[in-house]
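Fold and contact review
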Amino acid sequence: DTGVSQNPRHKITKRGQNVTFRCDPISEHNRLYWYRQTLGQGPEFLTYFQNEAQLEKSRLLSDRFSAERPKGSFSTLEIQRTEQGDSAMYLCASSLSERGIGTDTQYFGPGTRLTVL
Amino acid sequence: GDSVTQMEGPVTLSEEAFLTINCTYTATGYPSLFWYVQYPGEGLQLLLKATKADDKGSNKGFEATYRKETTSFHLEKGSVQVSDSAVYFCALSDRRTGRRALTFGSGTRLQVQP
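Computed from a predicted structure; not experimentally measured.

One pass over the full model with this rule turns up two disulfides over all chains. There is a disulfide in this structure between cysteine 23 of chain A and cysteine 92 of chain A, and the S-S distance comes to 1.8 Å. With the S-S dihedral at roughly -70°, the linkage between cysteine 23 of chain A and cysteine 92 of chain A falls on the left-handed side. Here cysteine 23 of chain A is found in strand β3 (residues 19–24), whereas its partner cysteine 92 of chain A is found in strand β9 (residues 88–95), with 69 residues between them in sequence. Since its relative accessible area comes to 0%, cysteine 92 of chain A is described here as buried. Here cysteine 23 of chain B connects covalently by a disulfide to cysteine 90 of chain B, the sulfurs 2.0 Å from one another. Handedness here is read from the sign of the S-S torsion; for cysteine 23 of chain B and cysteine 90 of chain B, about -70°, the answer is left-handed. Of this pair, cysteine 23 of chain B sits in strand β4 (residues 23–26) while cysteine 90 of chain B sits in strand β10 (residues 86–93), placing them 67 residues apart in sequence. The same class applies to cysteine 23 of chain B as to cysteine 90 of chain B, namely buried.

Below, the structure written as C-alpha cells:
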C-alpha cells in the first residue's frame with residue numbers, strides 16, 4: 001500500500017514564473033486536499049476535491065492559484081506569476097469517504113517545498 | 001470560525017519524562033479531533049484521533065481524551081523517548097458545518113534529550 005506521493009519535492013523558481021505541482025493520492029481514495037504550510041505554522045487549507053469535482057476553496061486560493069483533478073485520480077496545483085510570499089511547503093492529503101462514517105482520516109504526502117527568489 | 005490553540009514550544013524534556021501538550025479548540029459544531037506528528041524531514045503522520053466527546057485516542061504510548069466541557073484534547077505520554085522528538089499538531093474537522101478541511105494549530109516542537 002503506497003502512500004500519498006508528491007512531485008517535485010523541491011522547486012526553486014524566480015518571481016513571476018509559473019509552477020505546477022503534482023499529487024498522487026492513495027489509490028482507492030476519492031477525496032484529495034491541498035494545504036500550504038509556512039515555517040513555524042500549521043498547515044492551512046487551500047482546496048478539496050471529491051473525485052474530479054472541486055467542492056471547496058479557501059480564501060487563500062487567489063486567482064493565481066488553480067487546481068485540477070481531471071480523472072479523479074492525481075491532482076495538479078498551478079501557481080501563476082509566483083511571488084515571494086508564495087514560498088512555502090505545499091501539502092497534499094487524501095482520504096476515503098465511506099457511507100455511514102462521518103469523518104474520514106486524511107493521509108498526507110511529504111510535500112513540495114517552493115522557494116520563490 | 002473554527003480554531004485550534006496549542007501551547008507554544010519548544011518543549012524540552014529528558015528521556016522517560018512525562019509529556020503533556022495542551023490543545024484547546026473552538027468550533028461551531030461537534031468536531032472530530034486529531035493529533036498529527038511531523039518528524040524532521042518527513043510529512044505529517046496521523047498519531048491518533050477521537051470523533052466524539054469522552055472518546056480516548058491512543059497510539060504508540062500517546063493518549064488524548066476528547067473533553068467537550070473544557071473544549072480540550074491534550075496529548076499525553078507517560079515516558080518519552082529521544083525518537084519522539086518532532087513537531088506535534090492538534091487539528092479538528094467540523095463536519096457539522098459541511099467543511100472537510102482540517103483546521104490545525106500552530107504546532108508544538110518537542111525535544112527529548114538523552
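The next thing to look at is the sheet that holds strand β1 (residues 5–7) of chain A. Residues and elements named next belong to chain A. Read across the open sheet, the four strands follow the order β1-β3-β8-β7; overall the sheet is antiparallel. Each end of this open sheet is capped by a strand with a single partner; those strands are β1 and β7 (65–68). This sheet shows a mean twist of 15° between the axes of neighbouring strands, independent of strand direction. Direction of pairing for β7 relative to strand β8 (residues 75–79): antiparallel, over a ladder of four bridges. Looking at the pairing, serine 66 lines up with glutamate 78 of β8.

We now examine the interface of chain B and chain A. The interface is formed by 18 residues belonging to chain B together with 21 residues belonging to chain A. Here chain B and chain A share zero salt bridges between them. On the surface where chain B and chain A come into contact, there are four residue pairs in polar contact (both at pLDDT 80 or more). Taken together, the elements giving at least two residues each to the side of chain B that touches chain A come down to β5 (32–38) and β6 (44–50) of chain B. Per-element tally for the side of chain B that touches chain A: the top contributor is β5 of chain B, with four residues.

A separate point is the sheet that holds strand β3 (residues 19–21) of chain B. Residues and elements named next belong to chain B. With respect to topology, four strands assemble into an open sheet ordered β3-β9-β8-β7, the strand pairing being antiparallel. The strands lining the two open edges of the sheet, one partner per strand, are β3 and β7 (56–59). Ignoring which end each strand starts from, the neighbouring axes of this sheet average 15° apart. Relative to strand β9 (residues 75–77), β3 runs antiparallel, the two being bridged by three bridges. Counted as the bridge partner of leucine 19 is lysine 77 from β9.

A word on the confidence of the model for chain A. Mean pLDDT over chain A works out to 91, with 94% of the residues at or above the 70 mark. Per-element confidence in chain A ranges from a low mean pLDDT of 90 for strand β6 (residues 53–57) of chain A to a high of 98 for β3 of chain A.

Residue and element names in this part refer to chain B. What the rule picks out here adds up to 13 aromatic pairs over all chains. When the centroid spacing of 5.8 Å and the interplanar angle of 55° are considered together, the rings of tyrosine 36 and phenylalanine 104 count as tilted. Of the two residues, tyrosine 36 is situated in strand β5 and phenylalanine 104 in strand β11 (residues 103–104); the sequence distance between them amounts to 68 residues. The pair tyrosine 36 / phenylalanine 104 is uniform in exposure class, with both members buried.

Throughout the structure, instances matching the rule amount to six salt bridges over all chains. Across the salt bridge formed by aspartate 86 of chain A and arginine 64 of chain A, the nearest N and O atoms sit 2.8 Å from each other. With aspartate 86 of chain A in the loop between β8 and β9 and arginine 64 of chain A in the loop between β6 and β7, the pair connects residues that are 22 residues apart, well separated along the chain. Aspartate 84 of chain B is the salt-bridge partner of lysine 77 of chain B, the closest N and O atoms lying 2.8 Å from each other. For lysine 77 of chain B, a relative accessible area of 10% corresponds to the buried category. Note on aspartate 84 of chain B: relative accessible area 6%, which makes it buried.

Calculation notes
- Residues numbered from 1 in each chain as written.
- Chains lettered and ligands numbered in written order.
- Predicted model: local features only at pLDDT ≥ 70, side-chain atom pairs only at ≥ 80, totals over all residues.
- Heavy atoms only, no water.
- Disulfide = S-S within 2.5 Å.
- Helix = DSSP H or I, 4+ residues; strand = E, 2+ residues; numbered from the N terminus.
- Buried < 20%, exposed > 50% of the residue type's maximum accessible area, 1.4 Å probe, protein only.
- Pairing = 2+ DSSP bridges.
- Axes fitted to C-alpha atoms, helices over the stretch in contact; angles between N-to-C directions.
- Contact = heavy atoms within 4.5 Å.
- Salt bridge = Lys/Arg side-chain N within 4 Å of Asp/Glu carboxyl O.
- Polar contact = N/O pair within 3.5 Å; in protein donor to acceptor, adjacent residues only side chain to side chain.
- pLDDT = per-residue confidence, 0-100.
- Phe/Tyr/Trp six-rings, centres within 6.5 Å; stacked < 30°, edge-to-face > 60°.

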